[in-house]
Structures are given as C-alpha cells and as structure tokens.
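Geometric and topological summary
So the chains spell out like this:
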Amino acid sequence: MGGCVHDGWTFALARLATDLQRSQDWHEAATEACRALCALDGMRRVVMFRVMAGDGRPGSPGLVQHCVVDRHRPGLAALGPAMQDIAAPGRWLAGAASRLRRGQVVTGRAAAEGDGARAFLDHFAIVHFLVVPVMVAGRWWGHLCFDADDGRGAWSDAQVAGARAMAVLIGQAIGQAEEMAILGEATRVAMVQAAPDGIVTIDESGRVLEFNPAAERILGFSRAEAIGASLAEMIVPEGLRAAHRAGFARYLATGRSQMLGRPLETEARRADGSLLPVELTITEVRTGRHRLFTAYLTDISERLSVLSRLERLAFFDPVTELPNLSWLEERSHWQRPGGEEAGGGRAGPQGTVVVRLRRFGLLFSSVGPEIAGEILRITGRRLKEIAGEQGDVICLGTGEFALVPRGRCDLSAQAETVLAILGAPFVIDGSRFYVDASCGIVAPDEAPGGAPADVVTQVRDAQMAARSAAPHEVVRFGCALRQAYQARLALEADLREAIHRRSEEIHLAFQPIYDLRRRGLVGFEALARWSHPRRGAIPPVEFIPLAEAAGLAGPLGEWICERAIRESARWARYAGSHAVPYVSINLAPVRIGEPSLTESVAAALEAAGADPRHVRFEITESALMANPAEAAETLRRIRALGTSIMIDDFGTGYSNFSYLRQLPIDTLKIDRAFVMDIDGQPRARDVLRALIGLAHSLGLSVVAEGVETEPVLALLAEFRCDYAQGFLLGRPMSPEAARALVAAAPQP
C-alpha cells in the first residue's frame, strides 16, 4: 500500500477527530471512520468489538466479545451483534486476550490460526488481521480489527500507528461519554431524591423500579417494600384496580391513552389502608425495547381542604352555616312553574317567604358579634323547623332569610307562623333578647307582568317586599311594588338616553391603588358615575345593575373603556420621570361574548395613543364561569394586545383555583368581604392568608379592596399582599384630582 493509502488513514483520522469534537455520539463517529477506512484499496473489513465478562452480565464467568461496528466489503457476511466467546481455548484471540488487556497490538493471518479460531475466521472471511485494543481509563474496553487481502505484505508501522491513534481517539470519547452518563445518573438520582413530589417508576409488567423519599413520605411505604412490588396491588385503591389494569393493558396494546402527560386528580392507597387525594401525572420513557412509566404524585389533601373551605364560604353563610343565594342559584335548576326538573326532581318555583330582622345592625352594635351571631343561628334553626323537609332556608345576608318551599303551601300562613316563632325570646347565656321581624311574600303567579319567575327572582322580589314591611307585618309583592318597577323603567329610559348621547351626565371617577411594600401609587380603578339631571347622583349599585338588566352594559362598558384609556394616556404626560400608573377597567360580563371586543379595545388604545402595558381589565368570577371556554379565548385576545387581566371580587363566586391555571390572568382582586373584618375574625384572617398564598403559588399578584382601617392594612402587609385600595388609601376622585396625584405622588 502506497502513499495514497496513508493519505486515506490520515483522512479517516482527521474526520474522526472532527466528528468527535462536533458530537458526543462516539458510535456514529466511529462508524463513519470505519466506513472511510474500509473503502481503501486492499481493505476487506473494519470491525469494532466490545469486550465483557461471561454473557454480558456483571459477575458472570468467561470473556465474550460482541460487534458494535461492522463495515465490510460488499459480498462479505456481516458479523452481527451475537456474543462470541474468546476465553475458551482454541477460540480466535483467546491467546491474545492478555496482550490486548495490556494495550498491545495483535496481528496475524487466518491460515496460521488453530482449528477453533479458523472456523470463525473462515465463516466471516477474515484473512489478514490487525487488532488494536481500545483502552478506556486504563482498562481494556474492546478492540478494533482491520482485515486486508492476503496478498499484501505485513502491516506497516504507519498503519499500526494510525490504527492505534484511531483506538485512542475512540477510547477517549467513550471515557468522556461514560463520565457524562455517570454524572447524568448522579444528577438524576439527586433530583429524584430531593423532589418534593412522589416519584414512582414502573416497567411494562407494573412492577415498581423507583420509589423516592417523597413517595415514602406521602404513601407511607418504605422503598424496600415498594421496589419490585405491583403498583396496582400496592397503591391503587381496590375499587380502581380493575380499571387501572384494563387501561394499562389497552395502552400497551394500542398506544391510546387519555391520561398520559395530563395531570388528573384521583386517590392513592397509603400503607395504612387509608385513601389520599393526589394529583397524578404519568410520563413514558422508552429505552431500546423497554418501556418505563413514571408517576409524579402530589398530595393535594391540603389544597382540597382549602378549596372546600372556599366553596363553603362561597355558598354558605359563615355565621349561620345556611346556604346563601349563590347556592340557591347554583343548585336550583328550575324549568317553569308546575314543571319538573330535568332529572325528575321537584316542581318549579312555588313562591318564597323572605324574613327580615329589623334594626339588626343596631342590635349587632349593641350586643356584639358573638351574641348577634347566636341570634342569627337560633333564627336559622327556628326557620328550618318551620320549613321541615319540604323547603330550604337560605341566608340572604345579615338579618335576612328566605324560606323556599319545594311544593305548594300557604305562604301567608307560613309567614304568620314565622312572625309568631320569632316573637319568642332568644335566651343566650341566661339573658333574653327580642327581635322585630317582617316578611315579604311572592306567590308563583305574582311575578311582574304575570310572567313565570325563576326562584332567585322570586327571592329578590320577596326581599323587596320584606324591606317595605313594618315590624311584625307580612307584605305581599304587588301593585305598590310594581309601581317601584315602573319608576325603575323610567330610570332605565333616562340611562339609555344618556348612554346613547354619550352625555357628560355619565363620567368617571378614579380610586387609587397602592403598592403595599413600597407604599407607592401603582394604578387607579376607573369607576362609572351618573349625575342625573333631576335626581342628582345615582349610585353605581343602582344604575350598573340597571344597565346590565336592560342590555345597556355593552355600550356603557365601551364608553367607560374609551374614556379610561384616554385618561391613562394623559397620565403618561403627568408622570414625568416616575412610573406611569395603570388604569383598571371593569369588563361587564355581557362584553365577554361580543365578537368585536378585541377590535374595540385595540381601536381605543390606538386612538388615545396609550401604552397597553398601563391598561388592565377586571372580570368577575361569575362572568368567567358562565362560559369558561369563550371567556378564556376572549381574555387571551385582549391580553395579546399587551394589556393585563385581573379577576375581580375573587372569593364571592366559584373560588376555583383549578380554572385559574388555565386562564390568561395576571392578578386576583380579593373581594372586600374577605378584607374588611380580618382584624377581628381569626377565621377570616386564615382564609385571606390562604387565598393570597395560593394566588402567589400560581404566579399571580393580589389586590385587596375595601381597605378602610390601619389594622387591616397592617395585616395585609403581613400576609404579603401586593396591592391595596380602599377609603383608607384614597376615595374615588375626579380625573383632574387623579392627574394631580400622578404628578405629585412618588411611585415605586
């Protein structure tokens, strides 16, 4: 072989070195180098063997080799991956194993080998071989075998040197790969050991291969107990085992699964036999012909407990523990009077009696919250005795209750019974207390206009009647109250005209929002105000619900949005070198379904020249949950403009943290009901602290509204609440006053 052959070896070595620098895959680089050398004139085969003890398993006797790379001349048989015993006497390389182990080169011809080795060499047509050991960290890892035509001379020093260089390069790459694998495995083990979630890995047979310390803590099994055990028998509850086995078998057979990669809530069996609620996520890893499945377990018992308490707060009165109006609205799926529920339940609304404890605020101030609370609880128990099993008792708020019958009854007689029962003294700690009550009644056929009314409307109408009643009086919702509705319709017409004309009667006020850590101004909430030309100032609690009921919330909301964004653009000029405060705009529920909402917001931003980063939109929980999918998509489009999204009045609706993870939101605004009394109610403090902590765990900032006292402000700061607003920090102010505050107030 002449100089061109040497050039071929040089080229192969240069390519091998380059490939090893570019990639950590030594096998691919070695394969390409072997292919290049095999193309040289006179070269028949270039093979790389891996040497292991026995049959390849640690600790087994003997010595075997198996082929990991085989590049040969066309027409020659492939060596294949089969194990070849090289330790037995008479086998090829049996006598040379000690030399190779010491790092020495072996050369020879097939014709000179013994019968045992000759059979192997003849089968694979190996004629004239050069074997160079591949050493890794001083140990014999394997060897390269070069085979040439028999007619050529002995292997030259240059060829042997080239073969050695190739073996050195490959050995160094294998050593680095093994070090990286050891480091990666050590890192994986450390991560598994330190992971806060339980990690359980099983094979295709369902046997446990990995069980980390967190899994031991969560499930109560030791690692020794778990390894090798059946997952189904160990932690899957008995009632779920059949479904687990069937689903697992179906996935192995078809590859179809609705669970893989998706978090789901289920139960796991602990070592003591108890069931534990967990969030479970399953992943699959395929290693060659094997499939491993890893389950990540999170103990969600505390989370569910908090959510249960939040749901309790949302649907039940905390003092009387009676269901509230939200519960009634959620649970009562009425059709129409006289009809049946879809599930075959009770008939439609059968009228309502609302009971009002008069001057209860004065009583509360006189006797204190403990006795006042006990009076409410006793009232609730007395009303439940009257309603019996055929009715529900609803707490509408402090001092107001509703009796909602499940069938036809004499509402007037029931109301008189209520007044008589509540006329009896309330004996608490040896003292007697008396309350004055009044009742309002709505019968099924007494809705405004004679139209069928849903149960919530009946309760509200009866509530209106009760509030108009004198002490110990029963008032039936009727003509007088209908006149009040007529007055409301007149007010609605005036509101419609003002919105249509975009009259200055409707204007904006701005309530400041402050950073609790830095005590600096960060934003304003835009609040609509209505100055009626004849009636004067109409409070928002009167005209906002009126607008929503009359279908005016859309145009009113669009007007508010335009004005607020325009004012935000002005603040940028007044802020100077300070950070520009944001404006927070309430998004009416009806606007969520408007197809043109995003375009409307984008147009308002462009027209005002406002920075979208200084604009936030507030939406209530109830608006979100009316149509979650539609709401989520709408919010994503608005947020894509560069604005931020805030959940308003959090805690008064569904209080469901599971949907928050799926929505494009940035901030929670906690309703004033959770804030105002935290300095005097330990349970309220615990709930608020939990709300703030859960929000932060989801990466959300928190605004507390309704801050009116220094003790409440101090507690919010202690709970690490981010922002606050309320009368203590600043009342709603005119646009001019807000601009002056922006210009003067230092900001964080």
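Residues numbered from 1 in each chain as written. Predicted model: local features only at pLDDT ≥ 70, side-chain atom pairs only at ≥ 80, totals over all residues. Heavy atoms only, no water.

Turning next to the overall build of the chain. Secondary structure summary: the chain contains 25 helices and 27 strands in total. Across the 748 residues of the chain, 47% fall into the buried class. Once local pairs closer than 6 in sequence are excluded, the contacts in the chain between residues at least 24 apart make up 61%. (Helix = DSSP H or I, 4+ residues; strand = E, 2+ residues; numbered from the N terminus. Buried < 20%, exposed > 50% of the residue type's maximum accessible area, 1.4 Å probe, protein only. Contact = heavy atoms within 4.5 Å.)

With that settled, consider the sheet that holds strand β4 (residues 106-109). On the basis of which strands lie adjacent, the open sheet formed by six strands has the order β3-β2-β1-β6-β5-β4 and antiparallel pairing. The open sheet is flanked by β3 (84-85) and β4, the only strands paired with a single partner. In terms of strand pairing, strand β5 (residues 128-136) meets strand β6 (residues 139-148) through nine bridges, oriented antiparallel. The residue of β6 that forms the bridge with H128 is A148. (Pairing = 2+ DSSP bridges.)

What follows covers the sheet that holds strand β18 (residues 474-476). Taken together, five strands build an open sheet; the order of strands is β13-β14-β12-β17-β18 and the sheet is mixed. Both edges of this open sheet fall to β13 (391-397) and β18, since each of them pairs with a single strand only. The average angle at which neighbouring strand axes cross in this sheet is 20°, direction not considered. As paired strands, strand β12 (residues 352-358) and strand β17 (residues 436-442) are joined by seven bridges and run antiparallel to one another. (Axes fitted to C-alpha atoms, helices over the stretch in contact; angles between N-to-C directions.)

Using the criterion set out here, one finds 37 salt bridges in the structure. Here R637 ties to E633 by a salt bridge, and the two come within 3.7 Å at their closest N and O atoms. Pair noted here: R637 and E633 are both in helix α21 (residues 628-640), with a separation of four residues, about one helical turn. Here R637 falls in the partly exposed class, since its relative accessible area comes to 33%. (Salt bridge = Lys/Arg side-chain N within 4 Å of Asp/Glu carboxyl O.)

On to the pairing of strand β2 (residues 63-72), then. Summarising burial for β2: seven of the ten residues are buried, a large majority. Direction of pairing for strand β1 (residues 43-53) relative to β2: antiparallel, over a ladder of nine bridges. Pairing of R50 across the sheet is with H66, part of β2. The pairing of β2 with β3 spans two bridges and is antiparallel. Paired with Q65 across the strands is Q84, a residue of β3.

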